[in-house]
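# Coordinate inspection notes
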Amino acid sequence: MSIDLARARADTPATARLIHLNNAGAGLMPTPVLETVIKHLQLEAEIGGYEAAGVTAARHERVYDSIATLLGCHRDEVALVENATVAWQLAFHSLKLGSGDRILTAEAEYASNYISFLQASRSRGVEVAVVPNDPDGAFDVAALERMIDPRVKLIAVTHVPTNGGLVNPAAAIGKVARAHKIPFLLDACQSAGQLPLDVDAVGCDMLSATGRKYLRGPRGTGFLYVRRSLLEGLEPPFIDLQGARWVAPDRYELRPDARRFENWENYVAGQLGLGAAVDYALGWGLHAIAARVGALADMLRTRLAALPGVGLRDLGRQRCGIVSFTVAGREPRELVPLLRQQHINVSASGPSSTLLDALARRLPDLLRASVHYYNSETEIDRFVQAIAAIARGR
């Protein structure tokens, strides 16, 4: 199945006005997603928020089915939450990690995740160990195997780091984690929507993701997957009457499913939009999306590598839609607004987002262009021409 570019762009009206290469920040919502959110907000305004939720309750329930289809899991293993950070934090802080327990993580781990590791180290005596990269710059699975001992209680890895363009070998990591019966938490914030994700094939026990990036959903939406076999032993770090039932003056009972990680107040319009975004992505097919995104990113890397003064900073054998680079003599954070004046959206990625990776590679701020399937080859040409002009000092 291939991508019908004309239809994808027709469903994304903003593509007529700008070149959006900031999909790793937030993808452009397609018309069906936007209409879903607006329709529910209008209903809330007309009949009331609680009443609108009641009217759309059945459709809201189907959002769990859509995400379960996306991940190849059961609907009772899915929780809807505010964003990927909340999803990841809920999963991590529900684990009973204590003094001397070890976490194995990646060199390119995202800042928010690593800060939580440091917090657990400070407050609970947990030890954090970083698995080195392989010669291509990706997570070294052989090194992971060598580092495992009885004290390792969690493997936590970002699937697609926020910079560097690589895809870490999640399925190979999952195979090691399963063999040693160690929980595996996968941060899929940048991979959900641009790569196929099957939690059984990957072997992860928990997965966090956002709606706003490659899934092209609304901001303020995300989801958490927790495997059934792990769920029973987990209690979220905070719970309310959505995640638990008050059954006696001195006792509560957690929900039996992943919704124990939810809280009662929800952005219903956004979650309906998230469901529409997942359905929209499934309609294209994740393998077709991945093929299109990969081809455009490879094209962009090839074109940028040919420009004098432009240095690519991407790593790994398997790469994704994120293309990171520098332009000699120019600060990325100055180039972002300059390109926006030309109706081109990109972002800058600072060393603090992936500090260990940045220190190891001595990385400065990077310019980050992240393509999606609705981008065209003509847009890639125009963007490369704009970068060439900047590199020439024009």
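Residues numbered from 1 in each chain as written. Predicted model: local features only at pLDDT ≥ 70, side-chain atom pairs only at ≥ 80, totals over all residues. Heavy atoms only, no water.

Once that is clear, we can look at the packing of helix 13 (residues 332-340) against helix 15 (residues 377-391). Here helix 13 crosses helix 15 at 125 degrees, and the two axes come no closer than 12 Å. Classed by the angle they form, the pair helix 13 and helix 15 counts as oblique. Handedness of the crossing formed by helix 13 with helix 15: right-handed. Contacts between helix 13 and helix 15 pair L335, L338 and L339 from the former with F383, A386, I387 and I390 from the latter. (Axes fitted to C-alpha atoms, helices over the stretch in contact; angles between N-to-C directions. Helix = DSSP H or I, 4+ residues; strand = E, 2+ residues; numbered from the N terminus. Parallel < 35°, antiparallel > 145°, perpendicular 65-115°, else oblique. Left-handed = near helix turned anticlockwise from the far one by under 90°. Contact = heavy atoms within 4.5 Å.)

To continue, consider helix 8 (residues 170-179). Here helix 8 has its buried residues at A170, I173, G174, V176 and A177. What you see down the axis of helix 8 is that its buried residues fit within an arc of 160 degrees, all on one side. Facing away from the buried surface of helix 8 by more than 90 degrees, the exposed residues are K175 and A179. In this structure, the buried side of helix 8 is in contact with helix 7 (141-147), strand 5 (152-158), strand 6 (184-187) and helix 9 (199-202). (Buried < 20%, exposed > 50% of the residue type's maximum accessible area, 1.4 Å probe, protein only. Arc of directions from axis to C-beta.)

Let's shift gears to the sheet that holds strand 11 (residues 310-312). Ordered in space as 11-12-15-14, the 4 strands form an open sheet in which the pairing is antiparallel. The sheet is open, and its two borders are formed by strand 11 and strand 14 (347-349), each paired with just one other strand. Shown here is a sheet whose adjacent strand axes are inclined to one another by a mean of 40 degrees, direction ignored. Where strand 12 (residues 322-327) and strand 15 (residues 366-370) come together, 4 bridges link them in antiparallel fashion. Bridge pairing links I322 to S370 in strand 15. Each of strand 11, strand 12 and strand 15 is contacted by helix 12 (residues 286-305), which is oriented at about 15 degrees to strand 12, the strand it contacts most. (Pairing = 2+ DSSP bridges.)

Moving on, we come to the side chain of Q194. If you trace the backbone, Q194 turns up in the loop between strand 6 and helix 9. When its relative accessible area of 1% is taken as the criterion, Q194 is described as buried. A polar atom in the side chain of Q194 sits 3.0 Å from the backbone oxygen of Q190. One polar contact links the side chain of Q194 to the main-chain amide nitrogen of G321, over a distance of 3.1 Å. Apart from the residues within four sequence positions on either side, Q194 is in contact with V160, Y214, L286, I289, A290, V293, C320 and G321. (Polar contact = N/O pair within 3.5 Å; in protein donor to acceptor, adjacent residues only side chain to side chain.)

Another aspect to go through is the pattern of salt bridges. Inspection of every chain in the model, using the stated rule, returns 22 salt bridges. Note that R75 and D65 form a salt bridge whose closest N and O atoms lie 2.7 Å from each other. Linking R75 in the loop between helix 4 (57-71) and strand 2 (78-81) with D65 in helix 4, this pair joins segments that are 10 residues apart in sequence. R75 sits in the partly exposed class, given a relative accessible area of 31%. The partner of R228 in a salt bridge is D76, with the nearest N and O atoms 3.2 Å apart. On the criterion of sequence distance, the pair formed by R228 in helix 10 (residues 228-231) and D76 in the loop between helix 4 and strand 2 is long-range, its members being 152 residues apart. Beyond isolated ion pairs, a larger network of salt bridges with shared partners links E61, D65, R75 and R259. (Salt bridge = Lys/Arg side-chain N within 4 Å of Asp/Glu carboxyl O.)

Our next topic: unusual backbone geometry. Here K181, not a glycine, exhibits a phi torsion of approximately 55 degrees, which is positive. Relative to the helices and strands, K181 is located in the loop between helix 8 and strand 6. Note on K181: relative accessible area 75%, which makes it exposed.

Looking now at the nonpolar core. In terms of nonpolar packing, the biggest core is built from 80 residues, with L71, L207, F223, F325, F383 and I387 touching the most fellow members. Looking at this core element by element, the count peaks at 8 residues for helix 12. Apart from residues lying up to four places away in sequence, L207 is in contact with L71, L185, L186, A188, L197, V199, F223, L224 and Y225. Counting 25 residues, the second largest nonpolar core, distinct from the first, contains F92, L95, Y114 and L185. (Core = buried A, V, L, I, M, F, W, Y, C linked by side-chain atoms within 4.5 Å.)

Before going further, it helps to examine the packing of helix 11 (residues 268-284) against helix 12. Angle between the axes and distance between the axes: these two values describe a pair of packed helices. Where helix 11 contacts helix 12, the axes come no closer than 5 Å and their chain directions differ by 80 degrees. In terms of orientation, helix 11 lies roughly perpendicular with respect to helix 12. Residues A281, L282 and W284 of helix 11 lie in contact with helix 12, whose contacting residues are L286, A288 and I289.

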